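Chains, contacts and geometry: an overview
The residues making up each chain are set out below.
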Amino acid sequence: MFGTIDSWLIWNLTGGAAGGTLHGCDECLADHVDEPQDIGLGRGDFRRIGDPERNLADDLPSAGFFGDFQFENVSIPIASVLGDQQAALFGQTCFSPGEAKNTYGTGCFLLMNTGTEPVQSNNGMLTTVAFKVGNEEAVYCLEGSVAIAGSLVQWMRDNLKLIQSSDQIESLAREVPDNGDVYIVPAFSGLFALYWRSDARGLIAGSTRFSNRGHIARAVLEATAYQTYEVVEAMKRDSGVGLKTLKVDGGMTVNELLMQFQSDILNKPLVRPMIRETTALGAAYAAGLTIGYWQSLNELRDKWTVERTWNPEMGSRTRFKVCCPMEKSCENEL
């Protein structure tokens, strides 16, 4: 039997070796392949491995019925299965093309809904299935993964010993008005999107006798924002859809300085939801749709509530100076 960790869990929950009734996983897990022409067919990767078709996990909707789990003589339906980041996208109610979310955790994972047709990336993004609700058409997304985000703060705490706890980085970064021309490229394990260079290594650039630990702290936070900026710009080039709002979640969203700087250089609002555990929320939303607890995606939109919004405050000339050496398109703003 060949599948994913999810198909193994489903198989065991529905009886396992003693009589498992379902060997399956949802489409966003089955279809995470490199070639967009394979997406939607399912099993693109599996065929390359050459596993017999009959041994492969079945492709099922993300919000769909996966069988029953028998617990103390009670049948509990398994009503949703999604990949981690796709669940967060669903939990952020990014149901329409152009809507996107970014999870600021150990790394950053930005997904943008591109609608019912897969968009092939020419800029280092991954094309994958976002979700599928029942018998409706599958929805696709572009995904950009950043390897080092929150873990850069941990590195500053554990390796450099410049702070004692992660939450101290914001107050330290606020001791200086800007980064003092200090920049950090956190390629500790290579670079993910949009470069995919496993041989890249990290660097700290621009430091002088003027530089202090506050500048380094600010550069640590800004490194996450710059990497997100690059992913957003790459998705815009791929999809032709400009981002209107970026929905955010994850541990780093408590950092007000980072969130404001991110909004400033993107020149877009950032929205943090009331419920920040959006991965679990997305799985619950999908299950609720399956069993009829909620009736539609619009009803889920109504349930989703905003806790905090950051609006851009940086002037266009400052933004050009800060971020546009990377992007010539910013000249249009002046």
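What comes next concerns the included structure. (Residues numbered from 1 in each chain as written. Predicted model: local features only at pLDDT ≥ 70, side-chain atom pairs only at ≥ 80, totals over all residues. Heavy atoms only, no water.)

Most of strand 6 (residues 108-115) is tucked away: seven of the eight residues are buried. Summarising the sheet, strand 5 (residues 100-104) and strand 6 pair through five bridges and their orientation is antiparallel. By the bridge assignment, Y104 is partnered in strand 6 with C108. In textbook terms, the turn of a hairpin is the stretch between consecutive antiparallel strands, and for strand 5 and strand 6 this stretch comprises three residues. Sheet topology note: the strand 6/strand 8 (residues 139-146) ladder contains seven bridges and is antiparallel. The partner of M112 across the bridge, within strand 8, is L142. (Buried < 20%, exposed > 50% of the residue type's maximum accessible area, 1.4 Å probe, protein only. Helix = DSSP H or I, 4+ residues; strand = E, 2+ residues; numbered from the N terminus. Pairing = 2+ DSSP bridges.)

This brings us to a nonpolar patch on the surface. Taken together, I5, W8, L9 and L13 make up a surface patch of nonpolar side chains, about 420 Å² in accessible area. Mapped onto the fold, L9 is located in helix 1 (residues 5-13). (Patch = residues over 30% accessible without salt bridge, like charges linked within 9 Å, V, L, I, M, F, W, Y side chains within 5 Å. Areas by Shrake-Rupley, 256 points an atom, 1.4 Å probe, with all protein chains shown as cover. Salt bridge = Lys/Arg side-chain N within 4 Å of Asp/Glu carboxyl O.)

Moving on, we get to the sheet that holds strand 7 (residues 126-131). Spatially, the seven strands line up as an open sheet ordered 7-8-6-5-11-12-13, and their pairing is mixed. Single-partner strands in this sheet number two, and they are strand 7 and strand 13 (306-310). For this sheet, the mean inter-axis angle between neighbouring strands, taken without regard to orientation, is 30°. With five bridges joining them, strand 7 and strand 8 adopt antiparallel strand pairing. Considered in strand 8, the bridge of F131 is made with V139. (Axes fitted to C-alpha atoms, helices over the stretch in contact; angles between N-to-C directions.)

Turning next to the environment of D178. Within the element layout of this structure, D178 appears in the loop between helix 6 (169-173) and strand 9 (183-185). By relative accessible area, which is 40% here, D178 ends up partly exposed. Taking the C-alpha atoms as reference, D178 lies 8.7 Å from A219; in sequence the two are 41 residues apart. Excluding anything up to four places from it in sequence, D178 contacts H215 and R218. Looking at D178, its side chain comes within polar contact range of the main-chain nitrogen of G180, at 2.9 Å. (Contact = heavy atoms within 4.5 Å. Polar contact = N/O pair within 3.5 Å; in protein donor to acceptor, adjacent residues only side chain to side chain.)

This paragraph deals with the nonpolar core. Ranked by size, the top nonpolar core spans 50 residues in total, and within it Y104, M125, I169, L246 and L270 carry the most contacts. Breaking this core down by element, the ones donating at least two residues are strand 5, strand 6, strand 8, helix 5 (150-158), helix 6, helix 7 (213-239), strand 11 (246-249) and helix 8 (256-266). Among the elements that make up this core, the one with the highest residue count is helix 7 (twelve residues). The contact partners of M125, leaving out residues within four places of it in the chain, are L142, E143, G144, A193, L194, V231, A234, M235 and D238. (Core = buried A, V, L, I, M, F, W, Y, C linked by side-chain atoms within 4.5 Å.)

The subject of this paragraph is helix 1. Burial in helix 1 covers these residues: D6, S7 and I10. Buried residues of helix 1 fall within an arc of 95° about the axis and therefore sit on the same side. For helix 1, the exposed residues lying more than 90 degrees away from the buried face are I5 and W8. Of the surrounding elements, those touching the buried residues of helix 1 are strand 1 (24-26) and helix 2 (27-30). A positive phi of about 130° marks G15, the residue just after helix 1. (Arc of directions from axis to C-beta.)

Burial along strand 11 is two-sided: the residues L246 and V248 and K247 and D249 are all buried. Note: strand 5 against strand 11, four bridges, orientation parallel. Opposite K101, over in strand 11, you have K247 as the bridge partner. Here two bridges tie strand 11 to strand 12 (residues 270-273), and the two strands are oriented parallel to one another. Looking at strand 12, one finds that L246 is bridged to L270. Of the crossover connections in this fold, the one passing from strand 11 over helix 8 to the parallel strand 12 is right-handed. (Right-handed = clockwise from strand over helix to strand, strands pointing away.)

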